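Fold and contact review
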Amino acid sequence: MLAEKKLYEAIIKITEDYLGPAGQRFIDRQINDHLQKEPGKLNKQELERLSEWARLAFALLTNDQTLLEEYSKRLERLKVSGTAE
Amino acid sequence: MHRRVRNRIILFIVLVLINLALTLSIPPDVSVLRRYNLEPSQILLLKLIVTLPLIAIWLLALYGFVTVYRYASSIRKHKDGNAFLSISTGLGVLAFGLPLQSISVSFLDYMGRTRPAFEPASTIISNYIALGIILTSFYILHKGALQLNQNLKVKEPSTRSLQWQVVFGLFSLLYVYLVFHNPARSHPTEQVAQAAYYLPDWLIFTTVVLPYIAVWYLGIQSAYNIYLYQQRVKGILYKQALRFIASGIVGVVAASMLVRFIASQTTYLSSIGLRAVLLLIYMLLISVSIGYIFIASGARRLHKMENV
């Protein structure tokens, strides 16, 4: 439970670096709409699916490929390390 | 489309149509015909040349307001939602105020021309309507902008605050100087057939000048607070979108201030040619429209972040 919460918070933290106050709402929407789960009850296996959806949705918000790749890499690193750097 | 948004759009279009009907139906001012050596048919063409782009600007203002309102409504349950609702309401009052003010000016101006005894009252009422609209708008805008920064809980450095207050103080002094050096402020003169205020100096100072200084303080503070919020908030893409909104609000606030500056200079306006007056009007209209386009652009980007 604690690990899931930390993972969720880490994803929010990364996303807020790009979307600011809209970051948490963005991630909650991906979790609700695509994973049909409650935000905060995410496990590491579901993180991969969330990362894909977040990447896809993020790509709709910007044409900046560098920014998109940076966001994607940070989510990838999260899968390995379990924390936002 | 959301019902409230649709109703507001319908109301706005009704106001625009009323304004168009008044503009086309009210007989032209004979003194204007004589001053610029125009035929009545030319005045009608002139009215359309000014009114149609004016309506385009109003519709852009409506678009700016509706776009921000849609965004604010989508995040109303969150702490930044209330702030953006206030900002959108402030922009809405300003947008709706444009055709409303035009309707009141057209009607009151006509009443003043056809009933000369009513001319001072019509000028006074027009001035206070304009003041009421902009004061309400900027007060609400200021409330929203302040709330945005309070959400961040960051204190503004005192040196930066002092700098802009000095600039604002100088600007206010200039405005006071221009108002009270207008010989046609309380009574018509040989050059100017209609006074700017028809009020004694003490009433001009207390009920026009001071409120307008307060209005500009609120307007500049709003623009500055939104700029500060944009600087301090996290989020690369969020900040990019906010930059558009902040720039747009600066443009709209600045244009509104310029309008009042120019309106206080009736003597100068009467001495320059028709072409120069039209050019001035169009420059202000273009700056207002650019402001609202920026606001709408920023709000669209923010709204997209709440929908993907």
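Refer to the structure above for everything that follows.
Notes on the structure follow.

This part takes up the overall build of chain B. Each helix and strand counted, chain B has ten helices and zero strands in total. Counted from the first residue to the last, chain B has its helices and strands arranged as α-α-α-α-α-α-α-α-α-α. Relative to a compact globule of 308 residues, whose C-alpha radius of gyration would be 19 Å, chain B shows 20 Å and is just as compact. Once the C-alpha set of chain B is aligned to its principal axes, its extents read approximately 60 × 45 × 30 Å.

All right, on to the overall build of chain A then. Within chain A one finds four helices and zero strands. For chain A, whose C-alpha radius of gyration is 12 Å, the value lies close to the compact-globule estimate of 12 Å for 85 residues. For chain A, the spread of C-alpha atoms along the principal axes amounts to about 35 × 25 × 20 Å. Each of the 85 residues in chain A was classed as buried or not, and the buried ones make up 47%.

Each side of the interface is counted separately: chain B has 16 residues, and chain A has 18 residues. Contact with chain A buries surface across chain B, with B:Lys234, B:Leu237 and B:Val308 losing the most and accounting together for 43% of the total. Residue B:Asp80 pairs with A:Arg25 through a salt bridge whose shortest N-O separation is 3.1 Å. Listed by contribution, the elements that provide at least two residues to the side of chain B that touches chain A are α8 (236-263) and α10 (274-305) of chain B. Of all the elements, α8(B) adds the most residues to the side of chain B that touches chain A, at three residues. Split into classes, the residues belonging to the side of chain B that touches chain A amount to nine nonpolar, three polar and four charged.

All right, on to the packing of helix α1 (residues 3-25) of chain B against helix α3 (residues 40-74) of chain B then. Residues and elements named next belong to chain B. Contact geometry of α1 with α3 gives a least axis separation of 11 Å together with a crossing angle of 170°. By the criterion of interaxial angle, the relationship of α1 to α3 is roughly antiparallel. A per-class count over the contact of α1 with α3 returns 16 nonpolar, three polar and four charged.

This part takes up a nonpolar patch on the surface. Residues and elements named next belong to chain B. Together, Leu 162, Val 166, Leu 170 and Leu 173 give the surface a local cluster of nonpolar side chains, amounting to about 420 Å² of exposed area. Its location among the elements puts Leu 170 in helix α6 (residues 158-180). The class for Leu 170 is exposed, based on a relative accessible area of 55%.

Right, let's talk about helix α7 (residues 201-232) of chain B for a bit. Spacing of three or four residues puts side chains on the same side of an α-helix, whose turn is 3.6 residues. In a regular helix each residue adds 1.5 Å, so 32 residues correspond to 46 Å; α7(B) covers 44 Å between its end C-alpha atoms and thus fits that length. The principal kink in α7(B), of about 25°, is found at B:Val209, preceding the proline B:Pro211 by one to four residues.

A few words now on the packing of aromatic side chains. Residues and elements named next belong to chain B. Scanning the entire structure with this criterion turns up 15 aromatic pairs over all chains. Residues Tyr 212 and Trp 216 carry aromatic rings whose centres are separated by 5.9 Å and whose planes lie at 40° to one another, so their mutual orientation is tilted. Of this pair, Tyr 212 and Trp 216 both sit in helix α7, separated by four residues, roughly a single helical turn. For Trp 216, a relative accessible area of 0% corresponds to the buried category.

The next point concerns the environment of B:Leu218. All names here are of chain B. Here Leu 218 is to be found in helix α7. Taking the relative accessible area as the measure of exposure, Leu 218 reaches 13% and is therefore buried. Measuring from C-alpha to C-alpha, the distance between Leu 218 and Ile 140 comes to 9.1 Å, with 78 residues separating the pair along the chain. Apart from residues no more than four positions distant in its own chain, Leu 218 is found in contact with Leu 135, Phe 138, Tyr 139 and His 142.

Turning our eyes to something else, we now look at unusual backbone geometry. Positive phi outside glycine occurs at A:Gln36, with the angle close to 50°. Accessibility expressed as a relative area gives 60% for A:Gln36, which makes it exposed. Its identity as a non-glycine residue notwithstanding, B:Tyr198 has a phi of 55°, on the positive side. For B:Tyr198, the location among the structural elements is in the loop between α6 and α7.

With that settled, consider the packing of α1(B) against helix α4 (residues 79-114) of chain B. Residue and element names in this part refer to chain B. Contact geometry of α1 with α4 gives a least axis separation of 9 Å together with a crossing angle of 25°. Comparing their axes, α4 and α1 come out roughly parallel. In terms of crossing hand, the pair formed by α1 and α4 is left-handed. Between α1, through Arg 8, Leu 11, Phe 12, Leu 15, Ile 18, Asn 19 and Leu 22, and α4, the contact on the second element is made entirely by Ala 95, Phe 96, Pro 99, Leu 100, Ser 102, Ile 103 and Ser 106.

Reading guide: rules and limits
- Residues numbered from 1 in each chain as written.
- Chains lettered and ligands numbered in written order.
- Predicted model: local features only at pLDDT ≥ 70, side-chain atom pairs only at ≥ 80, totals over all residues.
- Heavy atoms only, no water.
- Helix = DSSP H or I, 4+ residues; strand = E, 2+ residues; numbered from the N terminus.
- Rg over C-alpha atoms; globule rule 2.2 N^0.38 Å.
- Buried < 20%, exposed > 50% of the residue type's maximum accessible area, 1.4 Å probe, protein only.
- Contact = heavy atoms within 4.5 Å.
- Buried area = accessible area lost by both parts, 1.4 Å probe.
- Salt bridge = Lys/Arg side-chain N within 4 Å of Asp/Glu carboxyl O.
- Nonpolar A, V, L, I, M, F, W, Y, C, P; charged D, E, K, R; others polar.
- Axes fitted to C-alpha atoms, helices over the stretch in contact; angles between N-to-C directions.
- Parallel < 35°, antiparallel > 145°, perpendicular 65-115°, else oblique.
- Patch = residues over 30% accessible without salt bridge, like charges linked within 9 Å, V, L, I, M, F, W, Y side chains within 5 Å.
- Areas by Shrake-Rupley, 256 points an atom, 1.4 Å probe, with all protein chains shown as cover.
- Expected span 1.5 Å × (residues − 1).
- Bend = angle between axes of the 7 residues up to and from the residue.
- Phe/Tyr/Trp six-rings, centres within 6.5 Å; stacked < 30°, edge-to-face > 60°.
- Left-handed = near helix turned anticlockwise from the far one by under 90°.

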